[in-house]
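Analysis of the macromolecular model
Here is what each chain is made of, one letter per residue.
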Amino acid sequence: METLYFKGTPCHTYGTVPAVGEKAPGFTLVTPELKEVTCDDFHGKRIVLNIFPSLDTPVCAASVRRFNEAASQFDNTVVLCVSMDLPFAAARFCETEGLRNVIPASAFRSPIFAENYGLQLVDGPLAGLLARAVIIIDTDRKIIYRDLVEEITEEPRYDEAIDVLRH
């Protein structure tokens, strides 16, 4: 269990986020086309999991915009923007914003994703949604970066994540 805060109020996750150096758990997520994607679909690429509660909040939307901008700088890297939002809402957001360098990926059909990554909020006002985190997986499927944002209303540490991608 991880302890996070939403506007200063403690809330908790089911399980714990895998540590740097661990093998990343497999996952299945759903794209806006309602196609299931797995980690194996990105074999040989680095995967940035930009995970957040919902695109309907300013901080979550800002993280998708920021990673869309950063993703275009790196070869062999894919950015999946993961939330419990329905794939239709994620598609509409990316289309409206003109975001083409990230892949919206919904976990709405995949409780095992939230469980394996220790990110499902189990209490507090956002219970049932995902916590805010950035996890980077290398081409060997090892976690090389992990940022579980302690205060859910704050943005992730973009510069740290982008620096990991540069090296």
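A few points on the structure. (Residues numbered from 1 in each chain as written. Predicted model: local features only at pLDDT ≥ 70, side-chain atom pairs only at ≥ 80, totals over all residues. Heavy atoms only, no water.)

Once that is clear, we can look at the overall build of the protein. A count of helical and extended segments in the protein gives 4 helices and 9 strands. When the helices and strands of the protein are listed from N to C terminus, the series reads β-β-β-β-β-α-β-α-β-α-β-β-α. Taken against the 2.2 N^0.38 rule, which gives 15 Å for 167 residues, the C-alpha radius of gyration of the protein at 14 Å falls within 12% of a compact globule. Across its three principal axes, the protein shows a C-alpha extent of roughly 40 × 35 × 30 Å. The long-range share in the protein, meaning contacts at least 24 apart out of those at least 6 apart in sequence, stands at 67%. (Helix = DSSP H or I, 4+ residues; strand = E, 2+ residues; numbered from the N terminus. Rg over C-alpha atoms; globule rule 2.2 N^0.38 Å. Contact = heavy atoms within 4.5 Å.)

Let's shift gears to the environment of S106. Following the sequence through the fold, S106 ends up in strand β7 (residues 103-106). The spatial distance from the C-alpha of S106 to the C-alpha of I51 is 9.9 Å, given a sequence separation of 55 residues. Setting aside anything within four residues of it in sequence, one finds S106 in contact with L29, V30, S83, M84, D85, L86 and P87. Engagement of the side chain of S106 in a polar contact is seen with the backbone nitrogen of F108, the distance being 3.1 Å. (Polar contact = N/O pair within 3.5 Å; in protein donor to acceptor, adjacent residues only side chain to side chain.)

Bringing the pattern of salt bridges into the picture now. For the structure shown, the criterion picks out 5 salt bridges. Two residues, R141 and D40, come together in a salt bridge whose shortest N-O distance is 3.4 Å. One end of the pair, R141, is in the loop between β8 (133-137) and β9 (143-148); the other, D40, is in the loop between β4 (36-38) and β5 (46-51), with 101 residues separating them in the sequence. Taking the relative accessible area as the measure of exposure, D40 reaches 55% and is therefore exposed. (Salt bridge = Lys/Arg side-chain N within 4 Å of Asp/Glu carboxyl O. Buried < 20%, exposed > 50% of the residue type's maximum accessible area, 1.4 Å probe, protein only.)

This paragraph deals with the side chain of S106. Residue classification places S106 among the buried residues on the basis of a relative accessible area of 2%. Looking at S106, its side chain comes within polar contact range of the main-chain oxygen of D85, at 2.6 Å.

With that out of the way, let us pick up helix α4 (residues 158-166). What α4 keeps buried is the set Y158, A161, I162 and L165. Taken around the axis of α4, the buried residues stretch over an arc of 95°, which confines them to a single face. Of the residues in α4, the exposed ones pointing more than 90 degrees away from the buried face are D159 and R166. (Arc of directions from axis to C-beta.)

Turning next to unusual backbone geometry. At K7, a residue that is not glycine, the phi angle is positive and equals roughly 55°. Along the chain, K7 turns up in the loop between β1 (3-6) and β2 (9-12). Look at K7 and you get exposed, because its relative accessible area is 64%. Even without glycine at this site, N76 takes up a positive phi of about 60°.

In this structure, F27, L49, L80, V82, F113 and L119 are the most contacted members of the largest nonpolar core, which totals 33 residues. Of all the elements in the fold, those that place two or more residues in this core are β1, β5, β6 (77-83), α3 (111-116), β8 and β9. Membership of the second largest hydrophobic core comes to 18 residues, among which are F67, F74, C81 and A90. (Core = buried A, V, L, I, M, F, W, Y, C linked by side-chain atoms within 4.5 Å.)

Attention shifts here to the pairing of β9. Here β8 runs beside β9; their pairing, made up of 5 bridges, is antiparallel. Its bridge partner lying in β9, I136 is registered against Y145. Taking the residues between adjacent antiparallel strands as the criterion, β8 and β9 are bridged by 5 residues, where R141 takes a positive phi near 65°. (Pairing = 2+ DSSP bridges.)

This next bit is on the packing of aromatic side chains. Here the structure, examined in full by the defined rule, presents 2 aromatic pairs. Relative to F113, the ring of F27 lies with its centre 6.1 Å away and its plane at 90°, an arrangement referred to as edge-to-face. Highlighted residues: F27 in the loop between β2 and β3 (28-30) and F113 in helix α3, separated in sequence by 86 residues. Here a set of aromatic residues connected by ring pairs shows up, and it is made of F27, F113 and Y117. (Phe/Tyr/Trp six-rings, centres within 6.5 Å; stacked < 30°, edge-to-face > 60°.)

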